Amino acid sequence: MATLMTERKRSALTRGRLPKSTPWVVAASSIVVAAALMSLIGFNVFGWAVLSAVLFAAGNVVSSAVVEGRRKATDKLATSLVLGAFLVALLPLVSVIWTVLVNGVPGLLAPGFLGTSMKGVTGAIDNASVANHTPVLGGVYHAFLGSVLITLWATLISVPVGLLTSIYLVEYSDGNKFSKVITFLVDVMTGIPSIVAGLFAAAFFGLVMGPGTKTGFVAAVALSVLMIPVVVRSSEEMLKIVPNELREAAYALGVRKWRTILKVVIPTAISGIASGVTLAIARVIGETAPLLVTAGFATQINSNVFAGWMASLPTFIYTQIMTPTSPSNPDPSNQRAWAAALLLILLVMLLNLGARLVARIFAPKTGR
Amino acid sequence: MSTTKSARRAGTGRTGDKVFSGAALGAGVLIVAVLFAVAMFLVIQALPTFSAAPADITGGKGFVSYIFPIVVGTLIAAAIALVIATPIGVAVALYISHYAPRNMARGLGYVVDLLAAIPSVIYGAWGATFLASQLKVPYQWLADNAGWIPIFGGPASGTGKTILTAGIVLAVMVLPIIASLTREIFLQTPMLHQEAALALGATRWEMIRMAVLPFARGGIISAVMLGLGRALGETMAVALVLSSGPMIASLIRSGNQTIAAEIALNFPEAFGLRLNELIAAGLVLFLITLLVNMVARWIISRHKEFSGAN
C-alpha cells in the first residue's frame, strides 16, 4: 500500500518519504499482531499494550529504514525510545496512586478512622473484628495531630531562619566570602540524608537533655535541618528577581534599608516565598526516617510537643506495616496503614496545589 | 505621608537597621553553626565506637568489618537505581523539553514533579506489597535462565523483597530529580545552535545529539550525582522493601543491607554502644553523601563558567 501511494504522487519533494498514513497502518497492524501473539502465550491487557507498543516502534523504524534511509530511521528510533521512556516513567506513578486508592479508600471511609487514636486497640480487638467481620477499630487522629504539630514547629523554626538568611545573602552580603560559604553550606545541607538529620537531632538532645530524649520538638528540629535549605534557596531566588528600581526608589525617598526590605522587597516577593515555604512543608510532612529516630512511637493522643512520644502519619504507616498490631491478622493493620497513606498523599497533593494557588493569590499586581 | 510619620516615630531608624542586619547575619551564622553541629555531634557520639574493643561491636570483628558490608549494600542499591533512572530520566527530560507539544510540556513537567512529591514511606509500602509480589516470577525466571551470572544467582527470593526490588523503588524516587534537573539544562541550550543544526538538514535526533547533548553533558552528570546523593541516603524505601541479610553478590536473593535502613531498623531499640555504632554508621553515610554532593556542585559550577548559562 505504501508503495502504491508513493507511485501515485511521484513528486520530487515527496520521493523517498513514507505517506502520512503509515503510522496509523503500522499501529493498527501491530495491535492485531500483538493480540494474536498474546493469545498464543496467555492474554493479559498489560502485556498486550506493551507488545503493541514495541511492535509499533519496530514497524515504524523498519519501514522508515527501508523507504527513507538510515538517518530518518535513527530519528524515528530515538523518538520511540524517548516517548517509551516517558510512558515507562508514568507507570510507577499510576501504579502507586492506584494501589493507594484501592487499598486506602475502605479504611479511610471506616467510621471513626479520622476521629480516634490507637489507644487501647490491641491484637485481640483486631482478631475479633476479623473473626466477626465487624468494622476495623482504631484510627489515625493521634498521628494526624502529631504530623501537623511537628510540621508546624518545624515551619516556625525554619521560616524565620531561612528567610533571614536569604535576606542576608541577597540584601546585605554583597557577595562577600561569608555569603559564598553560606551558599555552599546550604547546598551541602540540601544533600544531607534525612536519617542523618534525625540522628543529629537525636544526638544533640541526647547530650543536652539526657539519652533517649524523644519528643515532638526533637523531631521538629530534625525536620528543620531538612527544611531550612529548601526555604533559603527558594526565598533567595525570589528576592533576587525583585527589580532593583524598587529598592532605589525607596532609598531615594529616604526610607531605611530595613523598612525597604520589610515594606517593599518582601511584599513584592511574597508570592514566591509563600509558595516555596508551602512546597518545603509538603516535602517534610512526608519524611519518615528522621521521625523514626526522634519522635518515638505513640498510640495515644499527645498534643504536647515538648514531652512524651508523638505519633505521625509516616511513622504510623511504617509501624502498622512492619509490626502489625495483631501479628496473626495483619489485615486490619494494613487497612489502617493504606488509609493513612491515602490521607498523607491527599495532604501532600493539597499542599502542592496550595503552593500554586498561594503564588497566584499573592502575586504582586504589576503591569506584566 | 505615613512613611515620614512612622520614620519620625522610630527616631532615625538606625536601631532598626542594626537589629535587622544583625538578625539576618545571625541567621546565616546559625546555618553554618547547625551544619558544624551536625558534624560535631555525630563525631562525638560516634567516638566510643572507634575506641571500643572489636569484640564488643556487632559482628564481633570491629567497626570496619561491621560497616563494610552495609556500605557495599548502599552502593549496590544506589548503583541499580542510577543504572535504571539515568537513561529514563534523561529521556523524560528530552521528551518534555524537545518532543512534547509546547502547550503540553508544562503539564507534563508537573506530572513528573508529582512523582517527587509522593512521600518515601508510600513508595516503600508500594514496593513491599505490590512491586515485590509482581517481581517474584521474573526473578524466578532470571534464576533459572541466567543463574550462571553471579548477580542473578539462585535460588530466587520467594517474597521478591530483594536488593534489586529496593533498587527499582529507589530508581523511581531518583527519576524525577534527574528528569527535572536535566530538563532545566536542556531548555537552556542556545536556540541558535539548535536552529542552525536543523537548517543544515539535521533530523531532530541529530540536532539533539549535536547541539543539545554536548551542551548539557556537565548538567546531566551533576544531575546524576545529585540523584546518587538522594539514592544513597534514602531510608524508608529500603527499610520497607528489602528483607536484609549478610552481604551477597546475588541481587535476586534476600540479603544485603544499606546504611540508612540499618539505622532506621535498629535505632529505636538500640542503647549503649549499639547507639554509638549506629551514629558512627550515620557519620559514614554523611561523609559519603557529602563527597558526592560536593563533586556534583563542583561540576555544576565549572559547567556554569563554560556555558555562560545563568
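Computed from a predicted structure; not experimentally measured. (Residues numbered from 1 in each chain as written. Chains lettered and ligands numbered in written order. Predicted model: local features only at pLDDT ≥ 70, side-chain atom pairs only at ≥ 80, totals over all residues.)

1. Focus on the overall build of chain B
When helices and strands are counted, chain B shows 11 helices and 0 strands. Along the chain direction, N to C, the helices and strands of chain B fall in the order α-α-α-α-α-α-α-α-α-α-α. For chain B, whose C-alpha radius of gyration is 25 Å, the value lies well above the compact-globule estimate of 19 Å for 310 residues. Dimensions along the principal axes, computed over C-alpha positions, put chain B at roughly 80 × 65 × 35 Å. Taking all 310 residues of chain B together, 48% fall into the buried category. In chain B, of all internal contacts separated by at least 6 residues, the share reaching a separation of at least 24 is 79%. (Helix = DSSP H or I, 4+ residues; strand = E, 2+ residues; numbered from the N terminus. Rg over C-alpha atoms; globule rule 2.2 N^0.38 Å. Buried ≥ 20, exposed ≤ 12 C-beta atoms within 10 Å, placed from the backbone. Contact = placed C-beta atoms within 7 Å.)

2. A look at the overall build of chain A
Broken down by element type, chain A carries 14 helices and 0 strands. Put simply, chain A runs from its N terminus to its C terminus through helices and strands in the order α-α-α-α-α-α-α-α-α-α-α-α-α-α. For 368 residues, the compact-globule estimate of 2.2 N^0.38 gives 21 Å, and chain A exceeds it by more than 25% at 29 Å. Projected onto the principal axes, the alpha-carbon positions of chain A cover approximately 85 × 75 × 35 Å. A separation threshold of at least 6 residues defines the contact pool for chain A, and within that pool the share at least 24 residues apart is 75%.

3. Topic: the confidence of the model for chain B
Residue and element names in this part refer to chain B. For chain B, the average pLDDT comes to 84, and 93% of its residues sit at 70 or higher. Confidence, expressed as mean pLDDT per element, reaches its minimum in chain B at helix α1 (residues 2-9) with 47 and its maximum at helix α7 (residues 191-199) with 92. Note that pLDDT drops below 50 for residues 1-8; the model gives that stretch 3 contacts with residues more than four away or on any other chain. Scored by ipTM, the complex comes to 0.84, with pTM at 0.85. (pLDDT = per-residue confidence, 0-100.)

4. Let's talk about the packing of helix α4 (residues 70-109) of chain A against helix α14 (residues 331-362) of chain A
Residues and elements named next belong to chain A. Between α4 and α14, the least distance of the axes is 7 Å, while the angle of their chain directions is 105 degrees. In this view, α4 runs roughly perpendicular relative to α14, as classed from their interaxial angle. Residues Val100, Leu101, Asn103, Gly104, Val105, Pro106, Gly107 and Leu108 of α4 touch α14, and the partners they reach there are Gln335, Arg336, Trp338, Ala339, Ala341, Leu342, Leu343 and Ile345. When the residues that make up the contact of α4 with α14 are grouped by side-chain class, the tally is 11 nonpolar, 4 polar and 1 charged. (Axes fitted to C-alpha atoms, helices over the stretch in contact; angles between N-to-C directions. Parallel < 35°, antiparallel > 145°, perpendicular 65-115°, else oblique. Nonpolar A, V, L, I, M, F, W, Y, C, P; charged D, E, K, R; others polar.)

5. Let's talk about the UniProt feature "transmembrane region" (unreviewed entry) in chain B
Under the UniProt annotation, the feature "transmembrane region" (unreviewed entry) is placed at residues 20-46, 66-96, 108-132, 163-186, 207-228 and 278-300 of chain B. End C-alpha atoms of residues 207-228 of chain B are separated by 29 Å, and the span's content is 100% helix alongside 0% strand. (UniProt positions renumbered as here; feature names shortened; annotations may be inferred.)

6. Brief notes about the interface of chain B and chain A
Much of the literature gives interface size as the accessible area that the parts lose upon coming together. In this complex, chain B contributes 67 residues to the contact, which on the side of chain A involves 68 residues. Here the element with the most residues in the side of chain B that touches chain A is helix α2 (residues 14-51) of chain B; it accounts for 19 residues. Here the side of chain B that touches chain A is built from residues that sort into 49 nonpolar, 14 polar and 4 charged.

7. Observations regarding the nonpolar core
By size, the foremost hydrophobic cluster in this structure holds 199 residues, and its most contacted members are Phe200, Ala340 and Ala341 of chain A together with Val92, Ile122, Leu170 and Val174 of chain B. The greatest single-element share of this core, amounting to 18 residues, is contributed by helix α3 (residues 63-99) of chain B. Two domains each put at least three residues into this core: domain 1 (2-104) and domain 2 (141-362) of chain A. If near-sequence neighbours (up to four positions away) are discounted, phenylalanine 200 of chain A is found in contact with Ala222 and Val225 of chain A together with Val38, Phe41 and Leu42 of chain B. (Core = buried A, V, L, I, M, F, W, Y, C linked by C-beta atoms within 7 Å. Domains from an automatic or database assignment.)

8. Focus on the domain arrangement of chain A
Residue and element names in this part refer to chain A. In terms of domain boundaries, chain A breaks down into domain 1 (2-104) and domain 2 (141-362). Computed from C-alpha coordinates alone, the two centres of domain 1 and domain 2 are separated by 45 Å. Looking at the side of domain 1 that touches domain 2 residue by residue, the classes come out as 2 nonpolar, 2 polar and no charged.

9. Points about the environment of alanine 216 of chain B
Residues and elements named next belong to chain B. In this fold, alanine 216 is placed in helix α8 (residues 204-233). Judged by the 27 C-beta atoms lying within 10 Å of it, alanine 216 is buried. The spatial distance from the C-alpha of alanine 216 to the C-alpha of isoleucine 185 is 5.9 Å, given a sequence separation of 31 residues. What alanine 216 contacts, discounting residues up to four positions off in sequence, is Thr182, Ile185, Phe186 and Thr189.

10. With respect to the packing of helix α3 (residues 45-67) of chain A against α4 of chain A
Residue and element names in this part refer to chain A. At a minimum axis distance of 7 Å, the contact between α3 and α4 shows a crossing angle of 165 degrees. With respect to α4, the axis of α3 lies roughly antiparallel. As for the relative orientation of α3 and α4, their crossing is right-handed in sense. Contacts from Ala53, Ala57, Asn60, Val61, Ser64 and Ala65 in α3 reach Arg70, Lys72, Ala73, Lys76, Leu77, Ser80 and Gly84 in α4. The residue makeup of the contact of α3 with α4, split by class, is 6 nonpolar, 4 polar and 3 charged. (Left-handed = near helix turned anticlockwise from the far one by under 90°.)

11. Topic: helix α6 (residues 141-172) of chain A
Because each turn of an α-helix spans 3.6 residues, side chains separated by three or four positions in sequence point in the same direction. Helix length check: α6 of chain A, at 32 residues, gives a terminal C-alpha distance of 45 Å against a target of 46 Å (1.5 Å per residue), a fit within 8%. With its phi angle positive at about 55 degrees, aspartate 174 of chain A sits one or two positions after the end of α6 of chain A. (Expected span 1.5 Å × (residues − 1).)

12. With respect to the UniProt feature "domain: ABC transmembrane type-1" (unreviewed entry) in chain B
Within the UniProt annotation, "domain: ABC transmembrane type-1" (unreviewed entry) is assigned to residues 71-296 of chain B. In this annotation, residues 71-296 of chain B is assigned 77% helix and 0% strand; the end-to-end C-alpha distance for the span is 20 Å.

13. Some words on the environment of tyrosine 141 of chain A
Within the secondary structure, tyrosine 141 of chain A sits in helix α6. Once the C-alpha coordinates of tyrosine 141 of chain A and glycine 59 of chain A are considered, the two residues, 82 residues apart in sequence, prove to be 56 Å apart.

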